[in-house]
Amino acid sequence: MDTSPRTPGTRTYSDMVALGSSFAAGPGIEPVVDDKAMRSGRNYAHLVAEDLGAALTDATVSGATTATILEKKQRVSTTRFAPQIDAVRTSTDLVTITVGGNDLGYLGALLGCAAANRVAHRWYGRPAGWLIRKVLSKKDITDVLVSDTTDSVVRIIDEVRRRAPHARVVIVDYVPIVDDTTVPSDTVPLTAEEIAFARNVSATLSDIYLAAGAKTGAEIVSASSFESGHGTGAAQPWVHGFRPNGLLAGSFHPTAEGMRAAADLVLELLRRSDGTGNGSS
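Residues numbered from 1 in each chain as written. Predicted model: local features only at pLDDT ≥ 70, side-chain atom pairs only at ≥ 80, totals over all residues. Heavy atoms only, no water.

J.: Any chance you could explain the packing of helix H2 (residues 44-52) against helix H8 (residues 256-272) here in plain terms?
T.: Pairs of packed helices are described in terms of their axes, by the angle between the two and the distance that separates them. Contact geometry for H2 and H8: axes closest at 8 Å, N-to-C directions at 45°. The orientation of H2 relative to H8 falls into the category oblique. Once H2 is placed against H8, the crossing between them reads as right-handed. Contact with H2, carried on its side by Tyr44, Leu47, Val48, Asp51 and Leu52, involves Met259, Arg260, Ala262, Ala263, Val266, Leu267, Leu270 and Arg271 of H8 and no other residues of that element. Here the contact of H2 with H8 is composed, by residue class, of ten nonpolar, no polar and three charged. (Axes fitted to C-alpha atoms, helices over the stretch in contact; angles between N-to-C directions. Helix = DSSP H or I, 4+ residues; strand = E, 2+ residues; numbered from the N terminus. Parallel < 35°, antiparallel > 145°, perpendicular 65-115°, else oblique. Left-handed = near helix turned anticlockwise from the far one by under 90°. Contact = heavy atoms within 4.5 Å. Nonpolar A, V, L, I, M, F, W, Y, C, P; charged D, E, K, R; others polar.)

Listed below in structure tokens is the structure:
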């Protein structure tokens, strides 16, 4: 990945906004700059802004959906977050977006399955674990749900451009939770079928981003295309395994290394072109 300094003549950025859910916010990565949003000061947006020398408004909130970016307030305990889109101003010149997983129930399903499998290992938890897995196994990502999520991502991009006509818009898809090396283990308490489900949802999210990029001309950073060997449970994971002991929110989310890798892909894209055309990384 290209991590060289900016070269003369490349576009510069001064007013960056980050929109997104937990895979953008970075739960479990120190330092925590907003505990309610579970937002890290070392998520990929912070790393990109630091490298670019840009002021950053980080509106990301763990648990966000396309609706809470566009129009709905997001409630976390007693805190209410305004729709993230409100952070975009006329002066904004760079916007990153990572969202859609919660619309599909991605993390909720995996966390539920992992918790159920852990409980099911104990004799007294087997009935509850079996029931939870049965309910979660019926999670169906329909064509309608995929279409609706794609349309919502497109609406976010369109609204960003309406508010900030000169902004460069980069959609960053999800760092893969599992890869070809991921197998059931203590840190990955998922069945082979549930691991396959995670791969399928990751591929579906990538398709959503490609479709949204094609419809809007927004540039795409394909974090989902990282080489195998960095999924949860790997020797050098870029995603945390299941962490039930007080660190559940960070389970199956990017590590600091995963965020650095995503940031490097964004920077590579920004350096490779001037933002005048559609592209992907």
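J.: Mind showing me how you'd approach H2 here?
T.: Residues spaced three or four apart along an α-helix face the same direction, because each turn holds 3.6 residues. The set of residues buried in H2 consists of Tyr44, Ala45, Leu47, Val48, Ala49 and Leu52. In this fold, the buried residues of H2 make contact with strand E1 (15-20), helix H1 (22-25), strand E4 (55-58), strand E7 (94-98), strand E8 (168-172) and H8. Two residues or fewer after H2 comes Gly53, characterised by a positive phi angle close to 75°. (Buried < 20%, exposed > 50% of the residue type's maximum accessible area, 1.4 Å probe, protein only.)

J.: Any chance you could explain the pairing of E1 here in plain terms?
T.: Regular strands have side chains that alternate between both faces of the sheet. Of all six residues in E1, six are buried, a share of seventy percent or more. Covered by surrounding structure in E1 are Asp15, Val17 and Leu19 together with Met16, Ala18 and Gly20, the residues of both alternating faces. Pairing analysis gives four bridges linking E1 to E4, with the strands arranged parallel. Its bridge partner being in E4, Asp15 is matched across the sheet by Ala55. (Pairing = 2+ DSSP bridges.)

J.: Just checking my understanding: could you explain the sheet that holds E7 for this structure?
T.: The strands that make up a sheet are held in pairs by hydrogen bonds between backbone atoms, and each pair lies either parallel or antiparallel. Strand order in the open sheet made by the five strands is E4-E1-E7-E8-E9, with parallel pairing throughout. Only two strands of the sheet have a single partner each, and these edge strands are E4 and strand E9 (219-221). Adjacent strand axes in the sheet meet at a mean angle of 20°, parallel and antiparallel pairs treated alike. Inspection of the sheet shows E8 paired to E9 by three bridges, in the parallel sense. Residue pairing across strands places Val172 opposite Val221, the latter belonging to E9. Taken strand by strand, helix H7 (residues 192-216) contacts E7, E8 and E9, and its axis lies near 165° from that of E8.

J.: Please explain the packing of aromatic side chains as it appears in this structure.
T.: What describes a pair of aromatic rings is the distance from one ring centre to the other and the angle between the planes of the rings. A full pass over the atoms with the stated rule returns four aromatic pairs. What links up through ring pairs into an aromatic cluster is the set Phe23, Tyr106 and Tyr174. (Phe/Tyr/Trp six-rings, centres within 6.5 Å; stacked < 30°, edge-to-face > 60°.)

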